[in-house]
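Chain and residue survey
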Amino acid sequence: MANNYFNFNDFENRELLAQRLCEKITQALKIALEIRGEATLALSGGNTPKKLFNALSRVDLDWEKVRVTLVDERWVDTNSIKSNEKLVREHLLINSAESARFFSLKTEDKYAINGVASLNVSLEQFFKKFDVVVLGMGLDAHTASFFPNTNELSFALKTKNLLCATTATVEPKERISFSKTSLLSASNLFLHIEGEEKKEVFLKASTSDDLRNMPIISMMQQEKPTMEIYYAG
């Protein structure tokens, strides 16, 4: 029997979801800034978070003390329309959030596996612990770049390294991702999903322990941090 931990927050529309999640993230970042004088935020790519990013970009926050990075990245040029970094730069690192300190996961290396070694060293001092992690989820139940039944999945879920190279089941296949251990260092863990299909996938995963087929399960096997689901149809 699966023993998965999560809270499901259902909103009547996507605009309200973005507003409420923006408020929760802002609150968490402000607490971190008050306690430590800095804050760390890891975000996911795709089309789903655009409204959230735009809302966050207008928040009155001490952004120059906020370190922003991605949960995972596609191994493409940062100017590519498939780049998560491009999405963040165009929709979040604008307006009030323009002064946030962004840490790229893409290097000049030809292959992701070659970029991992240097990034594990260079980013370790900045991302020992996340204040906020915002995950996404695909219809195949992948999250971050943890894809079902791939060769690297077990390593990504077990390694103590900060980052790992993985292979997606769709193009572009080369990916780099923060490891499970890194992501679960978060004080606040959110999953942002939209649409009935994704809701069905998540609810199926939430009652299962079939982690190889539904990697999203890896993010809800612990009581702390409890994953907060932010959903709208």
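First things first, this report covers the structure right here in the doc. (Residues numbered from 1 in each chain as written. Predicted model: local features only at pLDDT ≥ 70, side-chain atom pairs only at ≥ 80, totals over all residues. Heavy atoms only, no water.)

Some words on unusual backbone geometry
Trans peptide bonds make up most of the peptide bonds, and negative phi angles are found at most residues other than glycine. Applicable threshold: Working definition: helices are DSSP H or I runs of at least four residues, strands are E runs of at least two. Numbering for both runs from the N terminus.
Omega for the bond connecting Glu171 with Pro172 falls within 30 degrees of zero, at -10°, which places this linkage in the cis form. With respect to the element layout, Pro172 can be found in the loop between β7 (163-167) and β8 (174-178). Residue Lys224 is joined to Pro225 through a cis peptide bond whose omega torsion reads -5°. Turning to its location among the elements, Pro225 is positioned in the loop between α7 (196-206) and β10 (227-232). Unlike most non-glycine residues, Ala144 shows phi in positive territory, near 50°.

Remarks on the sheet that holds strand β9 (residues 188-194)
How we decide: Two strands qualify as a pair provided that DSSP identifies no fewer than 2 bridges between them.
Strand order in the open sheet made by the 7 strands is β1-β10-β9-β6-β2-β3-β5, with parallel pairing throughout. Looking along the sheet, the strands with just one partner apiece sit at the ends: β1 (6-11) and β5 (101-102). With 5 bridges joining them, strand β2 (residues 39-43) and strand β3 (residues 66-70) adopt parallel strand pairing. Opposite Thr40, over in β3, you have Arg67 as the bridge partner.

Regarding the sheet that holds β7
What counts, and what does not: Here an angle of 0 to 180 degrees is reported between the N-to-C directions of two axes, which are lines fitted to C-alpha atoms, with helices fitted over the stretch in contact.
The 3 strands lie next to each other as β4-β8-β7, forming an open sheet whose pairing is antiparallel. Each edge of the open sheet is held by one strand with a lone partner, namely β4 (72-74) and β7. Adjacent strand axes in the sheet meet at a mean angle of 25° when their direction is disregarded. As defined by bridge partners, β7 adjoins β8 across 5 bridges and the pair is classed as antiparallel.

Comments concerning the packing of helix α2 (residues 50-57) against helix α3 (residues 84-91)
The cut-off we apply is this: In these notes the angle categories are as follows: under 35 degrees is roughly parallel, over 145 is roughly antiparallel, 65 to 115 is roughly perpendicular, and the rest is oblique. Two residues qualify as a contact provided that any one of their heavy atoms is within 4.5 Å of a heavy atom in the partner residue. Note that Gly is not counted as nonpolar here; it falls among the polar residues with everything else outside the nonpolar set of Ala, Val, Leu, Ile, Met, Phe, Trp, Tyr, Cys and Pro and the charged set of Asp, Glu, Lys and Arg.
It is at 9 Å that the axes of α2 and α3 come closest, and there the two elements cross at 40°. By the angle between their axes, α2 is oblique relative to α3. Side by side, α2 and α3 meet where Lys50, Phe53, Asn54 and Ser57 of the first sit next to Leu87, Val88 and His91 of the second. Grouping the amino acids of the contact of α2 with α3 by side-chain chemistry returns 3 nonpolar, 3 polar and 1 charged.

A few points about the environment of Arg74
Here is the rule we go by: Under the scheme applied here, a residue whose accessible area is under 20% of the maximum for its type counts as buried, over 50% as exposed, and between as partly exposed, the area being computed with a 1.4 Å probe on protein chains only. Any pair of N or O atoms that falls within 3.5 Å is considered a polar contact. Within protein, one atom must be able to donate a hydrogen and the other to accept it, and sequence-neighbouring residues count only if both atoms are side-chain atoms.
For Arg74, the location among the structural elements is in strand β4. Classification of Arg74 by relative accessible area gives partly exposed; the value is 24%. Along the backbone, Arg74 and Ile176 are 102 residues apart, and their C-alpha atoms lie at a distance of 6.6 Å. When sequence neighbours within four positions are dropped, the list of residues in contact with Arg74 reads Lys82, Asn84, Pro172, Glu174 and Arg175. Engagement of the side chain of Arg74 in a polar contact is seen with the backbone oxygen of Lys82, the distance being 2.9 Å.

Topic: helix α1 (residues 14-36)
What sets the pattern is the α-helix's 3.6 residues per turn: residues three or four places apart point alike. Heads up, the rule is: To estimate the expected span of a helix, subtract one from its residue number and multiply by 1.5 Å.
Here α1 is 23 residues long and its end C-alpha atoms lie 32 Å apart, about the 33 Å a rise of 1.5 Å per residue gives. Where α1 is concerned, the buried positions are Leu17, Ala18, Leu21, Cys22, Ile25, Thr26, Ala28, Leu29, Ala32 and Leu33. Where α1 begins, one side-chain oxygen reaches toward the backbone nitrogen of Glu15, 3.2 Å away; that side chain belongs to Asn13. Note on α1: the residue one or two positions beyond its end, Gly37, has a positive phi of about 80°.

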